[in-house]
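Structural overview
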Amino acid sequence: NAGVTQTPKFQVLKTGQSMTLQCAQDMNHEYMSWYRQDPGMGLRLIHYSVGAGITDQGEVPNGYNVSRSTTEDFPLRLLSAAPSQTSVYFCAIRGQGGGELFFGEGSRLTVL
Amino acid sequence: GQQLNQSPQSMFIQEGEDVSMNCTSSSIFNTWLWYKQDPGEGPVLLIALYKAGELTSNGRLTAQFGITRKDSFLNISASIPSDVGIYFCAGDPSGGSNYKLTFGKGTLLTVNP
């Protein structure tokens, strides 16, 4: 999947627990982003980064934190998980050629 | 935020039939992208469009960037069972400088062999 590695692929949490979804890329792309996908809602942007040390909010940022210490990694943190955060999460990088996004395989999160 | 209306929401067709789906926006987009998602996988880019009026093909797939810059169309000719999946349109209203790609809600395609 275009050099984007997401871990874990599946995770079950209890309400209030914290966790970090990992995203790593090996293509030295500056742009990385996190989307969530819910049935009937399409893909919605959570946070994105245009380079190390630079992050910004997307459409649905509440309840999520991000940081970008290195070009390779862009972790997504849930500090206190809620059932509404049950979703499939995709990390995506932006190609050098233009606007295309390339996605990882996804992380399926269930919050009980 | 930007809104993309994708239609139809779902399609059930016979193998060999042609398929058409489209996306419309209330505002102008500078880039239109079409993705396909198989079950349990991430979306995969099919076609990217960058200029109004542009018509681009990828095998049996053809996509067009509407002349008004507010819509895009994807056609699949002679469908086969492996075309099954969810198709998403996506648009970038700023030509890449904004980095906030907006997605439609998807078209679920089922192909009956």
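Residues numbered from 1 in each chain as written. Chains lettered and ligands numbered in written order. Predicted model: local features only at pLDDT ≥ 70, side-chain atom pairs only at ≥ 80, totals over all residues. Heavy atoms only, no water.

Some words on the overall build of chain B
Within chain B, the secondary structure is distributed over zero helices and eleven strands. Going residue by residue from the N terminus, the α and β elements of chain B occur as β-β-β-β-β-β-β-β-β-β-β. Projecting the C-alpha coordinates of chain B onto the three principal axes gives extents of approximately 40 × 30 × 20 Å. Here chain B holds 113 residues, and the buried ones make up 42% of them. Of the roughly 5,200 Å² of accessible surface on chain B, 51% is carried by carbon and sulfur atoms. (Helix = DSSP H or I, 4+ residues; strand = E, 2+ residues; numbered from the N terminus. Buried < 20%, exposed > 50% of the residue type's maximum accessible area, 1.4 Å probe, protein only. Areas by Shrake-Rupley, 256 points an atom, 1.4 Å probe, with all protein chains shown as cover.)

Topic: the overall build of chain A
When helices and strands are counted, chain A shows zero helices and eleven strands. Counting helices and strands in the order they occur from the N terminus, chain A gives β-β-β-β-β-β-β-β-β-β-β. Relative to the globule expectation of 13 Å for 112 residues, the C-alpha radius of gyration of chain A, 13 Å, shows essentially globular dimensions. Counting over 112 residues, chain A shows a buried share of 50%. (Rg over C-alpha atoms; globule rule 2.2 N^0.38 Å.)

Section: the sheet that holds strand β1 (residues 4-7) of chain B
Residue and element names in this part refer to chain B. Pairing is antiparallel across the open sheet formed by five strands, whose spatial order is β1-β3-β8-β7-β6. Of all strands in the sheet, those with a lone pairing partner are β1 and β6 (55-58), marking the two edges. Neighbouring strand axes in the sheet, compared pairwise and without regard to direction, differ in orientation by 15° on average. In the sheet, strand β7 (residues 61-65) pairs with strand β8 (residues 71-76) via five bridges, with the strands oriented antiparallel. What sits directly across from leucine 61, in β8, is isoleucine 76. (Pairing = 2+ DSSP bridges. Axes fitted to C-alpha atoms, helices over the stretch in contact; angles between N-to-C directions.)

Quick look at the interface of chain A and chain B
Residue-level contacts link 22 residues of chain A with 20 residues of chain B. Summing both partners gives a buried area of about 1,700 Å² for chain A against chain B, and 57% of it is carried by carbon and sulfur. Along the contact surface separating chain A from chain B lie one salt bridge. Where arginine 94 of chain A meets aspartate 92 of chain B, a salt bridge forms, and the shortest distance between an N and an O atom there is 2.6 Å. At the boundary of chain A with chain B, the tally comes to five residue pairs in polar contact (both at pLDDT 80 or more). Of all the secondary structure elements, the ones that give two or more residues to the side of chain A that touches chain B are β4 (32-38), β5 (42-51), β9 (87-94) and β10 (101-103) of chain A. It is β5 of chain A that contributes the most residues to the side of chain A that touches chain B, five residues altogether. (Contact = heavy atoms within 4.5 Å. Buried area = accessible area lost by both parts, 1.4 Å probe. Salt bridge = Lys/Arg side-chain N within 4 Å of Asp/Glu carboxyl O. Polar contact = N/O pair within 3.5 Å; in protein donor to acceptor, adjacent residues only side chain to side chain.)

As for the state of the cysteines
Put plainly, a disulfide is one covalent bond tying together the sulfur atoms of two cysteines. Scanning the entire structure with this criterion turns up two disulfides over all chains. The partner cysteine of cysteine 23 of chain A in its disulfide is cysteine 91 of chain A, sulfur to sulfur 1.9 Å. The disulfide joining cysteine 23 of chain A to cysteine 91 of chain A has a torsion of about -70° about its S-S bond and is therefore left-handed. Here cysteine 23 of chain A, found in strand β3 (residues 19-25), pairs with cysteine 91 of chain A, found in strand β9; they are 68 residues apart in sequence, far enough to count as distant. Of the two residues examined, cysteine 23 of chain A and cysteine 91 of chain A, each falls in the buried class. The disulfide partner of cysteine 23 of chain B is cysteine 89 of chain B, and the S-S distance across this bridge is 1.6 Å. (Disulfide = S-S within 2.5 Å.)

Considerations on the pairing of strand β3 (residues 19-25) of chain B
On a regular strand, each side chain points to the face opposite its neighbour's, so the side chains alternate between the two faces of the sheet. All names here are of chain B. Of the two faces of β3, only the one carrying Val19, Met21, Cys23 and Ser25 is buried; Ser20, Asn22 and Thr24 on the other face are not. Judged from the four bridges that link them, β1 and β3 form a sheet pairing that is antiparallel. Directly across from serine 7, in β3, lies its bridge partner asparagine 22. Bridge analysis of β3 against β8 gives six bridges, and the strand direction is antiparallel. Paired with methionine 21 across the bridge in β8 is leucine 74.

Some remarks on the environment of glycine 91 of chain B
Residues and elements named next belong to chain B. Turning to its location among the elements, glycine 91 is positioned in strand β9 (residues 85-92). Along the chain, glycine 91 and glutamine 9 lie 82 residues apart, while their C-alpha atoms are 18 Å from each other. Here glycine 91 is in contact with Leu4, Phe29, Thr31, Trp32, Lys100, Leu101 and Thr102, once residues within four sequence places are set aside.

Quick notes on the nonpolar core
By size, the foremost hydrophobic cluster in this structure holds 21 residues, and its most contacted members are Trp34, Leu74 and Leu109 of chain B. Those elements that provide at least two residues to this core are β2 (10-14), β3, β4 (31-37), β5 (44-49), β7, β8, β9 and β11 (107-112) of chain B. (Core = buried A, V, L, I, M, F, W, Y, C linked by side-chain atoms within 4.5 Å.)

Shape descriptors only; they carry no functional weight alone.
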